[in-house]
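Fold and geometry: a report
In case you want the letters, here they are:
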Amino acid sequence: MEHPSFSDNFLSYHYRSEHPALIAFSNAAFYFILKPYALPNDTNPFELHRVDGLYTAQTNLEEARAVVDYLLHLPSNPDGTYPSVGIATLNLRQRDTIIREIIRQRRESAEAELVFFALEQSGLFIRNLENIQGDERDIIVLSTTFGRNESGAFHHHFGKLGTRQGYRLLNVLITRARCRYVVFTSIPPEEIRSYSDLLESRSENWGYGLFYAWLAFGEEVSRGQSVVDSPVLTLLTKNNARRAVERDAIRPQLLNHRQRLIRALSALFGPCIVTGK
């Protein structure tokens, strides 16, 4: 409920990401008001690697191995340390698969042991979608996990990510990187390209179409396309603007309902209890 002593205030600047493209998607899809407070950074903030691995038993071994290989070849900083890295997966079993692959590499190679020890010292984490809340790292590496099965079929088993509230999980997932976001995916390209139809049919920014849109955006940026010219962001902004108009249209009704509720509660419990005066 509103309180006369308080007013609504919203964050205007985004301070985490060192490149505007890392927050551009969420800004277009959800916020519409954030200004990136980005440091000068000419490096490409996105990498998208197509793996086309087989999805079996809720895991994708090829993607897990590609993630581990990427980390083994990650350049160190000039002082010999490594950037902080977070590995994200879309389910618990893929997280466990990556952990097992790291353990195997460390047992078989002294060099791998040194690399992963140094990465751990720099803050390496490996977490599934639901457990990444609040974390941030210089580099986030995502295994999108899902792909075609042994029969060549692709199923949309995205769990919470595909629900109306899944955009909250997605927003957290895609805004954890300070410098670079690296994606390894086996989701068929034609699926990713269907984001436009999926979002336009809903006229809202949610569902697995939103996840596809982020992958398409990452691919655009990885190829060097300007954020200003992004067709993905154009569609997201249109949906967001339409939603804002709808919110403004119903806001007077919500305020009237809130005022009636306050009066009703005041009649029952007294104004001091309800308003805090």
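Here we summarise the structure given alongside this text. These numbers were taken from a predicted model, which means no experiment stands behind them.

A short note on the packing of helix 1 (residues 21-31) against helix 5 (residues 166-174)
- For the pair helix 1 and helix 5, the least separation of the axes is 10 Å and the interaxial angle reads 160°. In terms of orientation, helix 1 lies roughly antiparallel with respect to helix 5. In the crossing of helix 1 with helix 5, the sense of the turn from one axis to the other is left-handed. Contact residues: L22, F25, S26, F30 and Y31 in helix 1; Y167, N171 and I174 in helix 5.

Examining the sheet that holds strand 6 (residues 137-143)
- Taken together, the 5 strands give an open sheet; going across it, the order is 3-7-6-4-5, and neighbouring strands pair in parallel fashion. Strands with a single pairing partner mark the edges of an open sheet, and in this sheet they are strand 3 (46-50) and strand 5 (125-128). Looking at each pair of strands side by side, their axes are set apart by 20° on average, direction ignored.
- Note that strand 4 (residues 85-89) and strand 6 share 5 bridges and pair parallel. When the sheet's bridge partners are listed, V85 is paired in strand 6 with I139.
- Across the face of the sheet, helix 2 (residues 61-72) comes into contact with strand 3, strand 4, strand 6 and strand 7 (177-185) while running at roughly 140° to strand 7.

So, unusual backbone geometry
- Here the phi dihedral of D52 falls at roughly 55°; this positive angle occurs in a residue that is not glycine.
- Relative to the helices and strands, D52 resides in the loop between strand 3 and helix 2.
- Using a relative accessible area of 48% as the deciding quantity, one classes D52 as partly exposed.
- Backbone geometry at A57 places phi at a positive 50°, although glycine is not the residue there.
- The residue A57 is located in the loop between strand 3 and helix 2 in this model.
- Judged by its relative accessible area of 58%, A57 is exposed.

Some words on the packing of aromatic side chains
- If you walk through the whole model with that rule in mind, you get 15 aromatic pairs.
- With 6.4 Å between their ring centres and 25° between their planes, F46 and Y181 make a pair best called stacked. Of this pair, F46 sits in strand 3 while Y181 sits in strand 7, and the two are 135 residues apart along the sequence. With respect to burial, F46 and Y181 carry one shared label: buried.
- Through successive ring pairs, a cluster of aromatic residues spans F25, F46, Y55, F146, F154, F158, Y181, Y208, F211, Y212, W214 and F217.
- Between R127 and the ring centre of F125, over which it is positioned, the NZ or CZ distance is 4.8 Å.

So, helix 2
- Here helix 2 contains 12 residues, and its C-alpha end-to-end distance of 17 Å stays within 8% of the 16 Å for a straight helix at 1.5 Å per residue.
- For helix 2, the complete set of buried residues consists of E63, A64, V67, V68, Y70 and L71. Angularly, the buried residues of helix 2 cover 155° about the axis, an arc narrow enough to put them on a single face.

As for helix 3 (residues 92-108)
- Its 17 residues give helix 3 an end-to-end C-alpha distance of 25 Å, which sits within 8% of 24 Å, the value for a rise of 1.5 Å per residue.
- All buried positions along helix 3 are accounted for by Q94, T97, I98, E101, I102, Q105 and R106.
- The elements touched by buried residues of helix 3 are helix 2, strand 4, helix 4 (110-121), strand 5 and strand 6.
- Among the residues of helix 3, the N-terminal cap falls to N91, whose side-chain oxygen and the backbone nitrogen of R93 are separated by 3.3 Å.

Some thoughts on the pairing of strand 7
- Across 5 bridges, the pairing between strand 3 and strand 7 is parallel. The residue bridging H49 from the neighbouring strand is F184, located in strand 7.
- For the crossover from strand 6 across helix 5 to strand 7, the handedness is right-handed.

Section: the nonpolar core
- The biggest cluster of nonpolar side chains holds 47 residues, and the ones touching the most others in it are F25, L173, Y181, F211, W214 and L236.
- The set of elements that each furnish at least two residues to this core consists of helix 1, strand 3, strand 6, helix 5, strand 7, helix 7 (195-202), helix 8 (208-222) and helix 9 (231-269).
- In terms of residue count, the dominant contributor to this core is helix 8 (9 residues).
- When residues no more than four places from it in sequence are discounted, the contact partners of F211 are L90, T144, F158, L161, L170 and I187.
- V67, Y82, V182 and F184 belong to the second-largest nonpolar core, a separate cluster that totals 20 residues.

Here is what the cut-offs are and how they apply
Sequence positions are assigned chain by chain, starting from 1 and proceeding in written order. A pLDDT threshold of at least 70 governs which residues receive local features in this predicted model, and a stricter bar of 80 or more applies before side-chain atom pairs are shown or counted, although totals over entire chains, interfaces and linings include all residues. As a convention, hydrogens and water are excluded, and side-chain values are obtained from all of the structure's heavy atoms. Structural elements are reduced to axes, namely lines fitted to C-alpha atoms, with helices fitted over the stretch in contact, and the angle between N-to-C directions of any two is expressed from 0 to 180 degrees. A run of H or I in DSSP counts as a helix once it spans at least four residues, and a run of E counts as a strand once it spans at least two, with each numbered from the N terminus. An angle counts as roughly parallel when it lies under 35 degrees, as roughly antiparallel when it exceeds 145, as roughly perpendicular when it falls between 65 and 115, and as oblique in every other case. The crossing is said to be left-handed when, going from far helix to near helix, the turn is anticlockwise and less than a right angle, and right-handed when the turn is clockwise. Contact criterion: two residues are considered in contact whenever any of their non-hydrogen atoms come within 4.5 Å of each other. Only when DSSP finds a minimum of two bridges between them are two strands counted as paired. Relative accessible area decides the class of each residue, using a 1.4 Å probe on protein chains only: under 20% of the type maximum gives buried, over 50% gives exposed, and in between gives partly exposed. A pair of aromatic rings is counted whenever rings of Phe, Tyr or Trp (Trp by its six-membered ring) have centres within 6.5 Å, and the orientation is called stacked for planes under 30 degrees apart, edge-to-face for over 60 and tilted otherwise. Whether a charge sits over a ring comes down to the Lys NZ or Arg CZ being within 6 Å of the ring centre and within 35 degrees of the ring normal. Expected helix span is taken as 1.5 Å per residue step, with the number of steps being one fewer than the number of residues. What the arc describes is the spread of directions from the helix axis to the C-beta atoms. Under the rule applied, a polar contact is a pair of N or O atoms within 3.5 Å (in protein, one hydrogen donor and one hydrogen acceptor; residues adjacent in sequence only if both atoms are side-chain atoms). Seen with the strands pointing away from the viewer, any crossover whose path from the first strand over the helix to the second strand runs clockwise is right-handed. Grouping buried Ala, Val, Leu, Ile, Met, Phe, Trp, Tyr and Cys residues that are joined through side-chain atoms within 4.5 Å yields what is termed a nonpolar core.

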